Amino acid sequence: MAITLEQVNTAPRAEALQLLDGLYEHSPWIADKALDARPFQSLAHLKHTMAQVLREAGRDAQVKLIQAHPELAGKAMVSKSLTAESTNEQGKARLTDCTPEEFATLQKLNADYNAKFGFPFILAVRGPRGDGLGKQQIIETFTRRLQNHPDFELQENLRNIHRVVELRLNDKFAAATAPGDDVWDWQETMSQYSDPGYLEKGQLTVTYLTDAHRACAAYISKTMRACGFDEVKIDAVGNVVGIYKAATPGAKTLLTGSHYDTVRNGGKYDGRLGIFVPMACVRELHRQGKRLPFNFEVVGFSEEEGQRYKATFLGSGALIGDFKPEWLDQKDADGITMREAMRNAGLKPEDIGKIKRDADNYLGFVEVHIEQGPVLNELDLPLGIVTSINGNVRYQCEVTGMASHAGTTPMNRRRDAAAAAAELLLYVERRAAQDGDSVGTVGMLQVPSGSINVVPGRCFFSLDLRAPVDAQRDALVADVLAELKNICERRGVHFTTELTERAAAAPSAPVWQQRWEAAVQSLGVPLHRMPSGAGHDAMKLHKVMPQAMLFVRGQNSGISHNPLESTTSDDIELAIQALMHLLTHLSPEKQ
C-alpha cells in the first residue's frame, strides 16, 4: 500500500522512519536526519532534503555509504544476499540474467574499479526513465567512468545514489510521472531521425531542412495535433507552430518553444525539451477542457545551431524580422543554396517576411531548456531560474614572432608566438574567474606549419568571452586585450585581432523571472538563480518582448552537445508542473 506525505509528516518519528526504510543501503541515518526538516512540502522537497543531509555529512560518511552498496552482478547477487530493493533493481536491468561473457566483463570492471577508487561502482540501473538500462549501456557507462578522477567519481556515485533513492521513493509513494515519461518517450521517438552518415553510426544529427529535419517537423506536428492544439502549421522557414486558443477571442498570446535541430553527434534534449514540455501542458489543459485567458503559442524553431548554413537562430530570428535575404544564397557543403533547400522542402522563401510577429500582441516569451552544464547536477537540484543569457564577444587572433632553431636559440633570445598565446590563455582563465560568473575560453590554438625542433613563429587562437551583463563582459574584454598587448610587447612579438561576433546579454524580465520562481517554489524545490552561459532562442525574442527561462538538470555532469546528454523523467515532470503553474496563475490584466 502506498504511503502519503501526510503520514511521513505527522507520524511519530520512529514510525515515520519505518515508512522510509530501505531507501539507503544499510544507512537509515540519512532518512532519520532528514526528518528534522518536517513538514515536507512535496515529495521533491523530501528528496532534496535527504540529498542535502548526505552532502553535509562529509566525505567519510559518504564513502561509508558507497561501500555499503553491492557491486553490480557481484558476489552479493550470486549469493542472493542483496537487499530486496537492490534485487529488484538489478533484476529490472537483467543483471541476474547475464551471459557468461557479460558476467566476466562486469567482474573485471568491478575489480578494476575497486582497485582504482577503493569503493564499488554505483549506477542507478533503472535509468533516467525508471524502466531499466540495457546491459550494454551499463557496461559502456562502467567502462567510461573508470577514466574519471577519484574526486569526481565519488560525487558521481553519490548522484547515482540520489537517483536510486528517488526511484525507491516513487515506488513507496506510488508517485505518478506519466507526463514526464511521455515527454521522455517523445524525445526518444524523435531521436530516430538523423542525417545520413550519422544515422548509420547511431548518432543524432539533424541539420536544417534535411530529410531527417523534415521528419522531425512532421512528428512534432502530428504530436501537437494529438495533444489538442487548435492550429498546427509549418511556416516559411520550417518552424512548427501550434496554437492553443484562449477562452475568449482577441486575447493576447504567450509564446514559448525552442529548437529541434541539433549539433553534429549531439544530444536528444537540447532545444527539444522546450518544445515537448509545453506540449504536455496543452495536452493536460485539453484533457481537462480548460482554456487559458490568453492564447498559448508553442513554436518548434527550425534552426538555432548554425550547422548547415552560416546562419544561426534562423527560426526565432525570422519571428522578429531578423532574417537576412542574403542568407538565401549561402551554400552548404554540397553546394545547395538555402533557397533551393527551402523550395525542396515545400517552403516559400518569399513568405518569410509575413511570419514576423507583432510584439504588441504578445505577453512575452518563456523557454524551458536543459541546463547544458554541471551546476544543477552538482547542487542536487532539478530546476534552475535563469537570470540572464550571457552576452559574448568572439575574436580570431594571431601572434607573430620569429621562427628559429629550437636547439640553438637561447631561452632569453626567443620570440615565441605560441608561448605568448599560452600566457594569455592562462590569464583569460584567471581573469574570468575573478568575476564568478564570467567565462573565458581559448578553444582554438594552432601553430601553422609547426615543427618539433622549431620555435613557433606564428600562432592562431580564438577568444570567446562571456558574462551575464554587457558592462561586465566589456570589462573582461578590455582587460584581456590589454594583457595581450602587454604580453606581446614584453616578448617582442606582434598580434592582430579580428572581432567575429558580438552578442548582447539578455537579462530575464524581472516579473517573468519572478513567475518562474513562484512556480518552482510551489513544487517545494529550493530556488537557484543562475546565468545561462549558452545562447538560446530566448535571446532573440528578448529584442522585442520580455523573456525568462527555466533550466532543467542534466545527468552525466550536465554534459550537452554530446550523446551523453540526458535528463530524467522525474525532472521533466517537475518542469511540466512548473510551466503549468505559470500558465494557470498568469493573469493578462496584471501585465
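A short tour of the structure in this document, coming up.

Rules of the game
- Residues numbered from 1 in each chain as written.
- Predicted model: local features only at pLDDT ≥ 70, side-chain atom pairs only at ≥ 80, totals over all residues.
- Heavy atoms only, no water.
- Helix = DSSP H or I, 4+ residues; strand = E, 2+ residues; numbered from the N terminus.
- Rg over C-alpha atoms; globule rule 2.2 N^0.38 Å.
- Contact = heavy atoms within 4.5 Å.
- Areas by Shrake-Rupley, 256 points an atom, 1.4 Å probe, with all protein chains shown as cover.
- Lys, Arg positive; Asp, Glu negative; His and termini not counted.
- Charge placed at Lys NZ, Arg CZ, Asp CG, Glu CD.
- Buried < 20%, exposed > 50% of the residue type's maximum accessible area, 1.4 Å probe, protein only.
- Core = buried A, V, L, I, M, F, W, Y, C linked by side-chain atoms within 4.5 Å.

1. Here's the deal with the overall build of the protein chain
Alright, step 1. If you tally the helices and strands in the protein chain, you get 21 helices and 16 strands.
Alright, step 2. In terms of overall dimensions, the protein chain is globule-like: its C-alpha atoms have a radius of gyration of 26 Å, near the 25 Å expected for 591 residues.
Alright, step 3. Oriented by its inertia axes, the alpha-carbon framework of the protein chain measures out at about 75 × 75 × 45 Å.
Alright, step 4. Restricting to contacts in the protein chain with at least 6 residues of sequence separation, those with at least 24 account for 77%.
Alright, step 5. Carbon and sulfur atoms make up 51% of the accessible area of the protein chain, which amounts to about 25,500 Å² in all.
Alright, step 6. The protein chain carries 65 positive and 74 negative side-chain charges, and their two centres are separated by 2 Å.

2. Some thoughts on the environment of P531
Alright, step 1. With respect to the element layout, P531 can be found in strand β15 (residues 529-532).
Alright, step 2. A relative accessible area of 25% means that P531 is categorised as partly exposed.
Alright, step 3. Along the chain, P531 and A467 lie 64 residues apart, while their C-alpha atoms are 8.4 Å from each other.
Alright, step 4. Residues within four places of P531 in sequence aside, it is in contact with T387, S388, N390, D437, P468 and F551.

3. Quick word on the nonpolar core
Alright, step 1. If you look at the biggest cluster of nonpolar residues, it comprises 60 residues, and the most contacted ones within it are L254, M279, W516 and L583.
Alright, step 2. Beyond its immediate chain neighbours, meaning those up to four positions away, M279 contacts W186, I220, T223, M224, C227, F229 and V298.
Alright, step 3. In terms of nonpolar packing, the next biggest core, distinct from the first, is built from 47 residues, Y24, V53, I66 and L95 among them.

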